[in-house]
Amino acid sequence: MIHQMIKTLDKVIHFKEAQAHCDIPCKIYDPSSALISALSCVRMIDLIHEVGDGKTLSVADVAKISRLVQEKEKACSEVKEQVRIIWGDYFKAQQFEQVTNAHTMVHDIMMQASKCKQGIDRAESEMLLEKVNRFADAFWQTKGIETYRAPCPYPPELETVYPILNP
């Protein structure tokens, strides 16, 4: 009710629109969220393919596929968001000097995430994960931290970049 009153009052008074920006320089950046989202994209595609052959789907199967597709799309958007934040907020001149192909790398991730949203090809989602792995490796390189690759401990059990935090 209060919302409706304010909305009506705004039509008469025309409140100035407030602009807010929440980029607090907290310096907490980590590509692990993007990696988990890329892994989630692969996993959702695997689960979609497990539902059935596509010819004899029940209503429940269609509903399940719908939910899985929605989660896959959300995971792809999350990859884009997390990579964009690191690229836009963390990367400065010094990091761009260290990672000379950063712009191309980020653009490739954005394009690959869009491809994954458009279909259910596992190879495309594995390619997204690989691009995010390279980005994660480059990110840790800018911090002088070595990385290693190991299979993640949950499905889809694909190789993921991890920082070596205890040398």
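Heads up: these notes are all about the structure in this document.

What counts as what
- The numbers attached to residues start from 1 for each chain and follow its sequence in the written order.
- Selection of residues for local features in this predicted model requires a pLDDT of at least 70, selection of side-chain atom pairs for listing and counting requires 80 or more, and totals for whole chains, interfaces and linings are taken over all residues.
- Water and hydrogen atoms were dropped before computing side-chain values, which therefore reflect all heavy atoms in the structure.
- Per the convention used, a helix needs a DSSP run of H or I reaching at least four residues, while a strand needs a run of E reaching at least two, with both numbered from the N terminus.
- Exposure is judged per residue with a 1.4 Å probe applied to protein chains only, and the accessible area is read against the type maximum: over 50% gives exposed, under 20% gives buried, and values in between give partly exposed.
- Given the number of residues in a helix, its expected span is that number minus one, multiplied by 1.5 Å.
- Contacts are assigned to residue pairs with any non-hydrogen atoms lying within 4.5 Å of each other.
- Take the buried residues of types Ala, Val, Leu, Ile, Met, Phe, Trp, Tyr and Cys, join any two whose side-chain atoms come within 4.5 Å, and each joined set is a nonpolar core.
- A carboxyl oxygen of Asp or Glu within 4 Å of a side-chain nitrogen of Lys or Arg is what we treat as a salt bridge.

1. Let's talk about the side chain of Ser37
Here is step 1 of the chain: Among the secondary structure elements, Ser37 is positioned in helix α2 (residues 32–51).
Here is step 2 of the chain: Ser37 sits in the buried class, given a relative accessible area of 8%.

2. Some thoughts on helix α5 (residues 102–118)
Three- or four-residue spacings in an α-helix give side chains the same orientation, since the helix completes a turn every 3.6 residues.
Here is step 1 of the chain: Compared with the 24 Å implied by 1.5 Å per residue over 17 residues, the 25 Å span of α5 between its first and last C-alpha is a close match.
Here is step 2 of the chain: Along α5, the positions that sit buried rather than exposed are Ala102, Met105, Val106, Ile109, Met110, Gln112, Ala113 and Cys116.
Here is step 3 of the chain: The inward-facing, buried residues of α5 abut α2, α3 (59–90), α4 (93–98) and α6 (122–142).

3. Section: the nonpolar core
Here is step 1 of the chain: With 34 residues, the main nonpolar core has Val83, Leu128, Val132 and Phe135 as its most contacted residues.
Here is step 2 of the chain: For this core, the secondary structure elements donating two or more residues are α2, α3, α5 and α6.
Here is step 3 of the chain: Top contributing element to this core by residue count: α6, with eight residues.
Here is step 4 of the chain: For Leu128, the residues in contact, after removing those within four places along its chain, are Ala38, Val79, Ile109, Gln112, Ala113 and Cys116.
Here is step 5 of the chain: Counting six residues, the second-largest nonpolar core is a separate cluster that includes Met44, Ile48, Ile65 and Leu68.

4. Overview of the pattern of salt bridges
Here is step 1 of the chain: Summed over the entire model, instances satisfying the criterion amount to nine salt bridges.
Here is step 2 of the chain: Across the pair Arg149 and Glu159 runs a salt bridge whose closest N-O atoms are separated by 4.0 Å. Residue Arg149 is located in strand β1 (residues 147–151), and its partner Glu159 is located in strand β2 (residues 159–163); the two are separated by ten residues in the primary sequence.
Here is step 3 of the chain: You can call Glu159 partly exposed: its relative accessible area is 43%.
Here is step 4 of the chain: Because the salt bridges share partners, they merge into one network encompassing Glu130, Arg134, Arg149 and Glu159.

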